[in-house]
Amino acid sequence: MGQTPITGDADVFFMQLESSFDMVTNSPATISFVAGDAIRLTAFDSEPVQDWHEINEFNGSPSLEGLVEGKRHGTWSGAASIRTNAAGTASPMAPIWQAGLGGTVVNSPGVSNTYNMVATTPKSIMVLKHNSRESRTELLTGGWVAKLALVVEGEGNMPSCNFEGGFSSISFLYGNPVTLSGSGTSVTVATADRQKLSPVGLKLKFDAIDNGGAGYTCTAYVASTGVMTITPALGAPLSGAEVIAAVVATASFDGTIRGGTACGFTIEDLGGGNPVNLGFISSTITVDTGVGPLLKEATTAKVSGLELVAGRRVNGEVQFYFKDENASYLGDAWNGTTKQITLRAGPTTAGEHIKYVSRKGQMKVSKVDAPKSDVAVWTSQFTAMRYSSSNDEFYIIED
């Protein structure tokens with residue numbers, strides 16, 4: 001019997017920080033996503049990577065003798081529109097920003113949430129991707145964020161956040177595999193279906209047998225034998241031929257989406273003071289987080305951890321109409337003057353915006369574009385640097 005094709009509009013995503021790195025490998029029994037972990041994404045692409053190395057020895061033949069397995073890991077990228085909650089309540093983007101900047105949320109109840117940069121061991125995240133037609137579920141763990149792009153696109157388009165990085169492990173359930181047998185904490189998959197799944201860390205059901213709706217967590221799987229270990233134990237033996245499917249919480253989304261017609265761009269003195277709110281067309285702040293995988297160790301096929309493997313850089317770009325109000329910044333770029341630069345996504349109302357703050361930004365020399373049939377504009381690039389102490393060059397605040 002042919003399976004009904006699936007479409008991406010049936011996908012739903014859940015995301016959370018990991019309590020320990022790469023939970024599929026190190027603590028699968030504790031993986032649990034709840035309804036509130038759901039996140040609205042506008043794009044998400046993940047690509048698993050499995051390295052294979054050629055056996056390239058002199059053996060009297062020009063034919064390739066074979067391949068030897070190397071490392072396993074993956075890359076991902078995604079995007080989301082900016083949504084906010086009430087002042088003092090974390091944005092749906094909180095896990096991504098924490099993983100990217102490295103810190104925890106500094107919460108001032110009812111007032112603000114601040115995401116600061118830190119230079120400690122980076123936080124890892126995991127993503128559950130589930131198609132509501134129950135024929136494709138993927139769990140990506142040991143994830144990191146290598147780059148953030150915080151975008152106010154202009155022309156009324158909604159502000160967004162783009163991110164990219166990678167992951168250590170992938171678990172999956174594809175199609176509609178069925179059981180051969182099962183009892184206690186052991187379930188055997190039908191022979192023909194054993195390559196359709198690698199379900200460690202996923203919560204599963206077997207037809208309607210679903211542990212009261214909570215599912216059974218797979219803690220180990222051997223594809224060659226089709227034997228999976230689950231917790232808790234089954235209440236009664238399986239009959240065989242039960243369809244294996246993922247148990248996923250019903251998504252509960254939060255946050256109010258923000259439009260692109262009430263955003264702001266402010267330049268002020270270092271430390272704050274004498275703010276000037278400028279009309280602007282568009283702006284993007286890019287954070288190269290410096291976070292990367294430990295992928296070289298000869299003792300494991302997977303990523304063994306995350307570290308700050310490169311210098312962190314925060315760069316921005318903002319486009320203006322050429323006007324008297326901003327002309328002084330165009331000229332002052334020649335002097336290397338530094339200012340505090342703030343890009344605001346959303347209106348000034350408390351609880352309805354996100355601010356991206358470069359504490360000490362230096363604008364670069366720019367040209368003025370004056371096309372024959374359009375209004376003159378100029379695009380300034382700027383770089384953020386340490387203001388008074390390490391890791392203080394940039395922060396995100398919801399207030």
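Residues numbered from 1 in each chain as written. Predicted model: local features only at pLDDT ≥ 70, side-chain atom pairs only at ≥ 80, totals over all residues. Heavy atoms only, no water.

Q: Before we go on, may I ask you to explain the overall build of the chain in this structure?
A: In terms of helices and strands, the chain carries three helices and 30 strands. For the chain, the proportion of its 399 residues judged to be buried stands at 47%. If you take every contact in the chain between residues at least 6 apart in sequence, the share linking residues at least 24 apart comes to 68%. Accessible surface, the chain: about 18400 Å² in total, of which carbon and sulfur atoms supply 50%. For the chain, the distance from the average position of its 28 positive side-chain charges to the average position of its 38 negative side-chain charges is 3 Å. (Helix = DSSP H or I, 4+ residues; strand = E, 2+ residues; numbered from the N terminus. Buried < 20%, exposed > 50% of the residue type's maximum accessible area, 1.4 Å probe, protein only. Contact = heavy atoms within 4.5 Å. Areas by Shrake-Rupley, 256 points an atom, 1.4 Å probe, with all protein chains shown as cover. Lys, Arg positive; Asp, Glu negative; His and termini not counted. Charge placed at Lys NZ, Arg CZ, Asp CG, Glu CD.)

Q: How should helix H3 (residues 324–332) be read in this particular structure?
A: Along an α-helix, residues three or four apart share an orientation, since each turn contains 3.6 residues. Regarding H3, the residues found buried are Asn 326, Tyr 329 and Leu 330. Angular distribution of buried residues about the axis of H3 spans 105 degrees; they occupy a single face of the element. Its buried side turned inward, H3 meets strand S20 (264–268), strand S21 (276–278), strand S25 (313–321), strand S27 (354–363), strand S28 (368–369) and strand S29 (377–384). (Arc of directions from axis to C-beta.)

Q: Where do I start with the sheet that holds strand S17 (residues 227–231) in this structure?
A: To summarise the sheet geometry, strands pair through backbone hydrogen bonds and adopt either a parallel or an antiparallel arrangement. Here six strands make up an open sheet; going across it, the order is S12-S13-S17-S16-S15-S18 and the pairing antiparallel. Either end of the sheet is taken by a strand with one partner, and the two such strands are strand S12 (179–183) and strand S18 (244–246). Strand-to-strand twist of the sheet, defined as the mean angle between neighbouring strand axes without regard to direction, takes the value 40 degrees. In this sheet, S17 lies alongside strand S16 (residues 216–222) in antiparallel orientation, the contact comprising five bridges. Paired with Ala 220 across the strands is Thr 229, a residue of S17. (Pairing = 2+ DSSP bridges. Axes fitted to C-alpha atoms, helices over the stretch in contact; angles between N-to-C directions.)

Q: Honestly, the environment of Ser 283 in this entry has me stumped. Any pointers?
A: Inspection of the secondary structure assignment puts Ser 283 in strand S22 (residues 282–288). Put simply, Ser 283 and Glu 153 are 130 residues apart on the chain and 6.4 Å apart in space, counted from C-alpha to C-alpha. Residues in contact with Ser 283, not counting those within four places in the same chain, are Leu 150, Val 151, Val 152, Phe 265, Glu 317, Val 318 and Leu 343. In this structure the side chain of Ser 283 is engaged in a polar contact, spanning 2.9 Å, whose partner is the backbone oxygen of Glu 317. (Polar contact = N/O pair within 3.5 Å; in protein donor to acceptor, adjacent residues only side chain to side chain.)

Q: Whenever I open this one, the nonpolar core confuses me. Can you help?
A: Across soluble globular proteins, nonpolar side chains have a tendency to be buried as a group. Core analysis: the largest hydrophobic core is formed by 49 residues, its most contacted members being Trp 97, Tyr 356 and Phe 394. Grouped together as the second largest cluster of nonpolar side chains are 26 residues, Val 12, Val 24, Ile 31 and Met 126 included. (Core = buried A, V, L, I, M, F, W, Y, C linked by side-chain atoms within 4.5 Å.)

Q: How do you make sense of the environment of Ser 239 when you look at a structure like this?
A: Looking at the element boundaries, Ser 239 is found in the loop between S17 and S18. Through-space distance from the C-alpha of Ser 239 to that of Thr 89 is 48 Å; in sequence the pair is 150 residues apart.

Q: Can you help me understand the pairing of strand S30 (residues 394–398) in this one?
A: Successive side chains on a regular strand alternate, one facing one side of the sheet and the next facing the other. With five of five residues buried, S30 is to be regarded as a mostly interior element. Covered by surrounding structure in S30 are Phe 394, Ile 396 and Glu 398 together with Tyr 395 and Ile 397, the residues of both alternating faces. Where strand S7 (residues 112–117) lies against S30, four bridges are found, and the strand directions are antiparallel. Paired with Asn 113 across the two strands is Glu 398, which belongs to S30. When S27 meets S30, the two strands line up antiparallel, connected through five bridges. The residue bridging Val 357 from the neighbouring strand is Tyr 395, located in S30.

Q: Is there a simple way to explain the pattern of salt bridges in this structure?
A: Two side chains that carry opposite charge are able to pair once their charged atoms sit near each other. Counted by the stated rule, this structure contains nine salt bridges. Across the pair Arg 72 and Glu 69 runs a salt bridge whose closest N-O atoms are separated by 2.5 Å. Judged by its relative accessible area of 41%, Arg 72 is partly exposed. The partner of Lys 355 in a salt bridge is Asp 399, with the nearest N and O atoms 3.5 Å apart. Of this pair, Lys 355 sits in strand S27 while Asp 399 sits in the segment after S30, and the two are 44 residues apart along the sequence. Note on Asp 399: relative accessible area 22%, which makes it partly exposed. (Salt bridge = Lys/Arg side-chain N within 4 Å of Asp/Glu carboxyl O.)

Bear in mind that shape data such as this cannot, by itself, settle questions of function.
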